[in-house]
Amino acid sequence: MERIDVEDLLRQHAVDGAHLDAAPPETGDRLVDDPEVRARFRADAWRPCCVCGINYRTSRVVNFPGYGPRWVDLCRDHSLAVMKPALPTMPTTMEGSFADIAEIAAKYGLTMRTVTHEEWLEMGRRARPGHDL
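Report follows, based on the coordinates.

Rules used throughout
- Residues numbered from 1 in each chain as written.
- Predicted model: local features only at pLDDT ≥ 70, side-chain atom pairs only at ≥ 80, totals over all residues.
- Heavy atoms only, no water.
- Helix = DSSP H or I, 4+ residues; strand = E, 2+ residues; numbered from the N terminus.
- Areas by Shrake-Rupley, 256 points an atom, 1.4 Å probe, with all protein chains shown as cover.
- Polar contact = N/O pair within 3.5 Å; in protein donor to acceptor, adjacent residues only side chain to side chain.
- Contact = heavy atoms within 4.5 Å.
- Core = buried A, V, L, I, M, F, W, Y, C linked by side-chain atoms within 4.5 Å.
- Buried < 20%, exposed > 50% of the residue type's maximum accessible area, 1.4 Å probe, protein only.
- Disulfide = S-S within 2.5 Å.
- Pairing = 2+ DSSP bridges.
- Salt bridge = Lys/Arg side-chain N within 4 Å of Asp/Glu carboxyl O.

Thoughts on the overall build of the protein chain
Now for step 1: The secondary structure content of the protein chain amounts to six helices and four strands.
Now for step 2: Listing the helices and strands of the protein chain from first to last along the sequence gives α-α-α-β-β-β-β-α-α-α.
Now for step 3: With the model as given, the accessible surface of the protein chain reaches about 9,100 Å², and the carbon-plus-sulfur share is 57%.

What follows is the structure, encoded as C-alpha cells:
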C-alpha cells in the first residue's frame, strides 16, 4: 500500500466525521498532558478501522471540518499507509521498509518472515491475560 495523507485516505473512503467519537483538541505533547488521550491509547479495547472495519488498536486525532477533532481508528495497514517517514531518506512504501529491515536482519544473521493479519491477531489473543495455552 502506498503512503497517503490521512485526510486523503479518509476522503477516498468517504469517512464521515459525524460517525466518529469526538476527541480532545490537538495540543503540544498530548501523550504527556492529556489524560483522555492516555486513557484512549492504554485502553484494552480493539476498535474497528474506520476505513475497512478490521479491529485494531491505533488511534489518532483528525480535525474534521464542521465536526472538529475526531478519533480516527485505523487497522495496521491503513495506519502504516498514513505514517510519515521519520527521515527524508526513509522508504515511502511498506515494501521498501521491509527491504531495509531484511537487509539489517541479514547483516546480523537473523531471519525474518512476514506475519499475516490473522497470525498477528492470534498472537495478541494468546498474549492476553487469562488465555489458556
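Once the structure has been displayed, the description carries forward.
Comments concerning the side chain of serine 59
Now for step 1: Mapped onto the elements of the fold, serine 59 is located in strand β3 (residues 58-64).
Now for step 2: A distance of 2.5 Å separates the side chain of serine 59 from the side chain of aspartate 73, its partner in a polar contact.
Now for step 3: Discounting residues that sit within four places of it in the chain, serine 59 has contacts with Arg40, Phe41, Arg47, Trp71, Val72 and Asp73.

Some thoughts on the nonpolar core
Now for step 1: Ranked by internal contacts, the top residues of the largest apolar core, which has 16 residues, are Leu10, Val51, Phe64, Val72 and Leu74.
Now for step 2: Mapped onto this core, the elements with two or more residues apiece are α1 (6-12), β3, β4 (68-74) and α4 (76-82).
Now for step 3: When residues in this core are grouped by element, the largest group, three residues, is from α1.
Now for step 4: Not counting residues within four places of it along the chain, the set of residues in contact with leucine 10 comprises Val15, Cys50, Val51, Val62, Phe64 and Val72.

Overview of unusual backbone geometry
Now for step 1: The phi torsion at alanine 14 lies on the positive side, around 50 degrees, for a residue other than glycine.
Now for step 2: Relative to the assigned elements, alanine 14 resides in the loop between α1 and α2 (30-33).

Looking at the state of the cysteines
Now for step 1: Overall, the coordinates contain zero disulfides when judged by the stated rule.
Now for step 2: Residue cysteine 50 stays outside any disulfide, its sulfur separated by 5.4 Å from that of cysteine 49, the closest cysteine.
Now for step 3: The thiol sulfur of cysteine 75 is not disulfide-bonded, and the nearest other cysteine sulfur, from cysteine 52, lies at 3.7 Å.
Now for step 4: In this structure cysteine 75 comes out as buried when scored by relative accessible area, which is 4%.

Notes on the pairing of β4
Now for step 1: Burial runs high along β4: six of the seven residues are buried.
Now for step 2: As paired elements, β3 and β4 share seven bridges and run antiparallel to each other. Each residue of the ladder has a partner; that of asparagine 63, found in β4, is proline 69.
Now for step 3: Taking the residues between adjacent antiparallel strands as the criterion, β3 and β4 are bridged by three residues, where glycine 66 takes a positive phi near 90 degrees.

Examining the pattern of salt bridges
Now for step 1: One pass over the structure, following the stated rule, counts five salt bridges.
Now for step 2: The residue arginine 11 makes a salt bridge to aspartate 8 at a minimum N-O spacing of 2.4 Å. Of the two residues, arginine 11 and aspartate 8 both sit in helix α1, three residues apart, roughly one turn of that helix.
Now for step 3: Between arginine 125 and glutamate 122 there is a salt bridge; the shortest N-O distance is 2.4 Å. Separated by three residues within a single helix, arginine 125 and glutamate 122 lie in helix α6 (residues 117-127), roughly one turn from each other.
Now for step 4: For arginine 125, a relative accessible area of 40% translates into the label partly exposed.
Now for step 5: A network of salt bridges, in which partner residues are shared, links Glu122, Arg125 and Arg126.

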